[in-house]
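Residue strings, one per chain:
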Amino acid sequence: MTGRAIRLKNRPVGLPSDDDWELTTDEVAEPGEGEVLVEVNYVSLDPAMRGWISEAASYRKPVEIGGVMDAIAVGRVAASNDAAFAEGDHVMGMFGVREYAIANAKGLQKIDPGIAPLPKWLGVLGMPGMTAYFGLVEIGKPQPGQTVVVSGAAGAVGSLVGQIAKLQGARAVGIAGGPEKCRYITEELGFDVAIDYKNEDVAPALRAAYPDRIDVYFDNVGGEILDAALAQLAFRARVVICGAISQYNSTEGMRGPKNYMSLLVQNATMTGFLVFHYGSRYAEAAQQMGEWVASGRLKAREDVEPGIERFPEVFRKLFEGTNDGKLVLAVREPA
Ligand SMILES: NC(=O)c1ccc[n+]([C@@H]2O[C@H](COP(=O)([O-])OP(=O)(O)OC[C@H]3O[C@@H](n4cnc5c(N)ncnc54)[C@H](OP(=O)(O)O)[C@@H]3O)[C@@H](O)[C@H]2O)c1
């Protein structure tokens, strides 16, 4: 049996191009002792994957040139050599961008498509959902009546952060690109205010929205927007550094914050985090997120694009801002 896979051809400079990837067809092996063969259905496309193909120091080893691109994915067990999994089980794991994966059973999580369709397990019930939950609740710690500002507000993580802020009794301000994303977060998700950074000057818009300043700033984008938020911090504000997507393709090095003295003046904190460090508590967050989703109080949308061969162009959607919600690549729709 053979299966297709996306491999890294070159280390990209700036925005990854079509030429940085190669589509190959490979032999699929039999699962060894303690392994399963997974038929991959949906692959999660995440901004962090840009870091995984860079040689810059990071929290993980970069994908090797010629190696299959890493990615979180969901699929169906096609054959099992481990007592904990049976053919037909649905599982999530680090399967990579490929049609078939041999995976160690220890790294797999069983998922139930009866609770939610498979792509949702890569979004609100998966890694982005856990990121929004722990980043906001554990680090941002919004109090009722406080103001939470989030950038990347219409995306997988940001759209959940604003809604969880509202569920905690806080006010939610979202910064997103374009009128449609701004309409979506206010009219459909219930954010109090949206700032369109592509058509508005963010610093004065933030001042106008809440002159009493920002208690929690959840940053997904870095760069100038981070500086605009830093300039508006309230006393004892919490800045949560979740990501810096505006900097991931920079060819001139990362732009750091200029307005960081605001942390001193306002006795504020700025804290970075990696969601994987909350791994032992995912069940707790998934339970809460699942309840909110089931009761209709937490909404999430997925942007599912078909075709493993389209990976290079679909991946770029994250950096072009053309994804509407959690970006997912459909490799093989379930039968
Ligand atoms: N710390 C962690 O453990 C962790 C875990 C997951 C994700 N993250 C981070 O969370 C952030 C959001 O990830 P996601 O999966 O939710 O992605 P996403 O928001 O669903 O998609 C990326 C969005 O980023 C925005 N964007 C792209 N280039 C930008 C730029 N130059 N300036 C401002 N905005 C830009 C675009 O929206 P617009 O149209 O609004 O520009 C785009 O739709 C990323 O920084 C990611 O690395 C961190």
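Here's a quick rundown of the structure. (Residues numbered from 1 in each chain as written. Predicted model: local features only at pLDDT ≥ 70, side-chain atom pairs only at ≥ 80, totals over all residues. Heavy atoms only, no water.)

A closer look at the side chain of Q163
On the secondary structure map, Q163 appears in helix α3 (residues 156-167). Setting aside its immediate chain neighbours within four residues, Q163 contacts L189, F191, R297, L298 and K299. (Helix = DSSP H or I, 4+ residues; strand = E, 2+ residues; numbered from the N terminus. Contact = heavy atoms within 4.5 Å.)

Description of the site of the ligand
If you check the shell around the ligand, you find 25 residues, and the closest are G177, K181, Y197, Y248 and N323. The contact in question runs from an oxygen atom of the ligand to an N or O atom on the side chain of Y197, over 2.4 Å. C242 is positioned with one of its backbone polar atoms (N or O) 3.0 Å from a nitrogen atom of the ligand. For the ligand, whose accessible area on its own is 920 Å², the fraction buried by protein is 91%. (Near = heavy atom within 4 Å. Polar contact = N/O pair within 3.5 Å; in protein donor to acceptor, adjacent residues only side chain to side chain. Areas by Shrake-Rupley, 256 points an atom, 1.4 Å probe, with all protein chains shown as cover.)

Focus: the state of the cysteines
Per the counting criterion, the structure on display carries zero disulfides. For C182, which is in no disulfide, the shortest distance to another cysteine sulfur is to C242 and amounts to 19 Å. A relative accessible area of 22% places C242 in the partly exposed class. (Disulfide = S-S within 2.5 Å. Buried < 20%, exposed > 50% of the residue type's maximum accessible area, 1.4 Å probe, protein only.)

What about the side chain of D20?
Position of D20 among the secondary structure elements: in the loop between β1 (2-8) and β2 (21-27). Of the side chains bearing the opposite charge, R316 lies closest to the buried D20, which forms no salt bridge; the N-O distance is 7.0 Å. If near-sequence neighbours (up to four positions away) are discounted, D20 is found in contact with R7, L8, K9, N10 and P12. (Lys, Arg positive; Asp, Glu negative; His and termini not counted. Salt bridge = Lys/Arg side-chain N within 4 Å of Asp/Glu carboxyl O.)

A word on the environment of D303
Mapped onto the elements of the fold, D303 is located in strand β14 (residues 302-306). On the basis of relative accessibility, which here comes to 11%, the residue D303 falls in the buried class. For the pair D303 and G325, spaced 22 residues apart in sequence, the C-alpha separation works out to 5.6 Å. With near-sequence residues (within four places) excluded, D303 lies in contact with K317, T322, N323, D324, G325, K326, L327 and V328. Among the polar contacts listed, one links the side chain of D303 to the backbone nitrogen of D324, at a separation of 3.0 Å.

Quick look at the packing of aromatic side chains
In the structure shown here, the tally under the stated rule is ten aromatic pairs. Here the aromatic rings of W21 and F315 are separated by 6.2 Å at their centres, their planes lie at 90°, and the arrangement is edge-to-face. In this pair, W21 sits in strand β2 while F315 sits in helix α9 (residues 311-320), placing the two residues 294 residues apart along the sequence. Across the pair, F315 and W21 agree in class, each one buried. Following the ring pairs from residue to residue traces out a cluster consisting of Y133, F134, F218, F273, Y278 and W292. We note R60 situated over the ring of W52; from NZ or CZ to the ring centre the distance is 4.3 Å. (Phe/Tyr/Trp six-rings, centres within 6.5 Å; stacked < 30°, edge-to-face > 60°. Lys NZ or Arg CZ within 6 Å of the ring centre and 35° of its normal.)

Remarks on the packing of helix α5 (residues 202-209) against helix α6 (residues 223-230)
Across the interface, α5 lies against α6 with an axial gap of 9 Å and an inter-helix angle of 35°. Our pair here, α5 against α6, has a crossing hand that is right-handed. Mapping the contact onto sequence places V202, A203 and L206 in α5 and I225, A228 and A229 in α6. Grouping the amino acids of the contact of α5 with α6 by side-chain chemistry returns six nonpolar, no polar and no charged. (Axes fitted to C-alpha atoms, helices over the stretch in contact; angles between N-to-C directions. Left-handed = near helix turned anticlockwise from the far one by under 90°. Nonpolar A, V, L, I, M, F, W, Y, C, P; charged D, E, K, R; others polar.)

Brief notes about the packing of helix α2 (residues 127-140) against α3
The angle between the axes and the distance between the axes are what describe a pair of packed helices. It is at 8 Å that the axes of α2 and α3 come closest, and there the two elements cross at 45°. The angle between α2 and α3 falls in the class oblique. Regarding α2 and α3, the two cross each other, and that crossing is right-handed. Note on element contacts: α3 touches α2 through A156, V157, L160, V161, I164 and A165, opposite P128, G129, T131, A132, Y133, L136 and V137. Residues belonging to the contact of α2 with α3 are distributed by class as follows: eleven nonpolar, two polar and no charged. (Parallel < 35°, antiparallel > 145°, perpendicular 65-115°, else oblique.)

With respect to the pattern of salt bridges
For the structure on display, the rule yields 23 salt bridges. Measuring nitrogen to oxygen at the nearest pair gives 3.2 Å for the salt bridge that ties D26 to R7. One end of the pair, D26, is in strand β2; the other, R7, is in strand β1, with 19 residues separating them in the sequence. Here D26 falls in the partly exposed class, since its relative accessible area comes to 23%. Its salt-bridge partner being R76, residue E87 comes within 3.8 Å of it at the nearest N-O pair.

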